[in-house]
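The chain contents come next:
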Amino acid sequence: MPVVLALTVCGIVIAVLVVGLFVFGLRRRLIQRSGGTFDCSLRWDAPEEGDGDGKGWAYGVARYNGDRVEWYRVFSYSPRPRRVLERGSIEVAGRRLPDGEEELALLSDAVVLACLHRGTRLELAMSEDALTGFLAWLEAAPPGQRVNVA
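Residues numbered from 1 in each chain as written. Predicted model: local features only at pLDDT ≥ 70, side-chain atom pairs only at ≥ 80, totals over all residues. Heavy atoms only, no water.

Enquirer: Teacher, can you tell me more about the UniProt feature "transmembrane region" (unreviewed entry) in the chain here?
Expert: Summarizing the sequence annotation, UniProt attributes the feature "transmembrane region" (unreviewed entry) to residues 6–26 in the numbering used throughout. As a span, residues 6–26 carries 100% helix and 0% strand, and end to end its C-alpha atoms are 30 Å apart. (UniProt positions renumbered as here; feature names shortened; annotations may be inferred. Helix = DSSP H or I, 4+ residues; strand = E, 2+ residues; numbered from the N terminus.)

Laid out in structure tokens, this is it:
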């Protein structure tokens, strides 16, 4: 009897893990379904200067949605974006390469873009190609809308 109970518990644990992984994959597919997505790490309330310790970074997927970029945590089940950045409220302060332990916390080809969004300093880390697209999206604001790109 104890063997049957142990096998049942192991089977249930494995089934829960498989379902959890399937839901992660399904969520990412749903986010990417409408297109315009890119891998993007985010550090909210970033320090003034890159501290290089790698703390505060969260890996995610960003999606263009009109005049907004919606940022989703990768390791989450939430169908809603964790952060929403409006194009007219983003000010680019500069860019840099990852420093120190950040190189371990971020994807290998990442470029860090320092920004201000409604007075909050944040950093986005993405590939060079994604950065080019992001900056082009920022500059493509409709006429009359203020965009600050350094």
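Next, the rest of the story.
Enquirer: Just checking my understanding: could you explain the side chain of Ser41 for this structure?
Expert: With respect to the element layout, Ser41 can be found in strand E2 (residues 41–44). Those residues in contact with Ser41 that lie beyond four places of it in its chain are Trp57, Ala58, Tyr59, Gly60, Trp71, Leu106, Glu123, Leu124 and Ala125. (Contact = heavy atoms within 4.5 Å.)

Enquirer: Looking at this structure, I do not really get the sheet that holds strand E8 (residues 120–127). What am I missing?
Expert: In a beta sheet, neighbouring strands are held together by backbone hydrogen bonds and run either parallel or antiparallel to one another. Spatially, E2-E8-E7-E6 is the arrangement adopted by the four strands of the open sheet, whose pairing is antiparallel. Every other strand in the sheet has two partners, leaving E2 and strand E6 (90–96) as the edge strands with one partner each. Sheet twist, expressed as the average angle between the axes of neighbouring strands with direction ignored, equals 25°. Judged from the six bridges that link them, E6 and strand E7 (residues 110–117) form a sheet pairing that is antiparallel. Within E7, the position partnered with Glu91 by the bridge is Leu116. (Pairing = 2+ DSSP bridges. Axes fitted to C-alpha atoms, helices over the stretch in contact; angles between N-to-C directions.)

Enquirer: What exactly am I supposed to notice about the sheet that holds strand E3 (residues 60–65) here?
Expert: With antiparallel pairing, four strands are arranged side by side in an open sheet as E1-E3-E4-E5. With partners counted over all chains shown, the strands left at the sheet margins are strand E1 (37–39) and strand E5 (83–86), one partner each. Taking the axes of each pair of neighbouring strands and ignoring which way they run, one obtains an average angle of 20° across the sheet. Relative to E5, strand E4 (residues 68–73) is paired through four bridges, and the arrangement is antiparallel. If you follow Trp71 over to E5, its bridge partner there is Arg83. Against the sheet, helix H3 (residues 128–139) engages E1, E3, E4 and E5, with an angle of about 30° to E3.

Enquirer: What exactly am I supposed to notice about the nonpolar core here?
Expert: Soluble globular proteins tend to bury their nonpolar side chains together. Ranked by internal contacts, the top residues of the largest apolar core, which has 22 residues, are Leu124, Met126 and Phe134. Listed by contribution, the elements that provide at least two residues to this core are E4, E6, E7, E8 and H3. No other element matches H3, which puts six residues into this core. Once you skip the residues sitting within four places of it in the chain, Met126 turns out to touch Phe38, Asp39, Cys40, Asp109, Ala110, Val111, Leu131 and Phe134. By size, the runner-up hydrophobic cluster in this structure holds five residues, among which are Trp57, Leu106, Val112 and Ala125. (Core = buried A, V, L, I, M, F, W, Y, C linked by side-chain atoms within 4.5 Å. Buried < 20%, exposed > 50% of the residue type's maximum accessible area, 1.4 Å probe, protein only.)

Enquirer: Sorry if this is basic, but what is going on with the pairing of E7 here?
Expert: Side chains on a regular strand alternate between the two faces of the sheet. Along E7, seven of the eight residues are buried, which leaves the element largely enclosed by surrounding structure. Note: E7 against E8, eight bridges, orientation antiparallel. Among the inter-strand pairings, Leu116 is bridged to a residue of E8, identified as Arg121.

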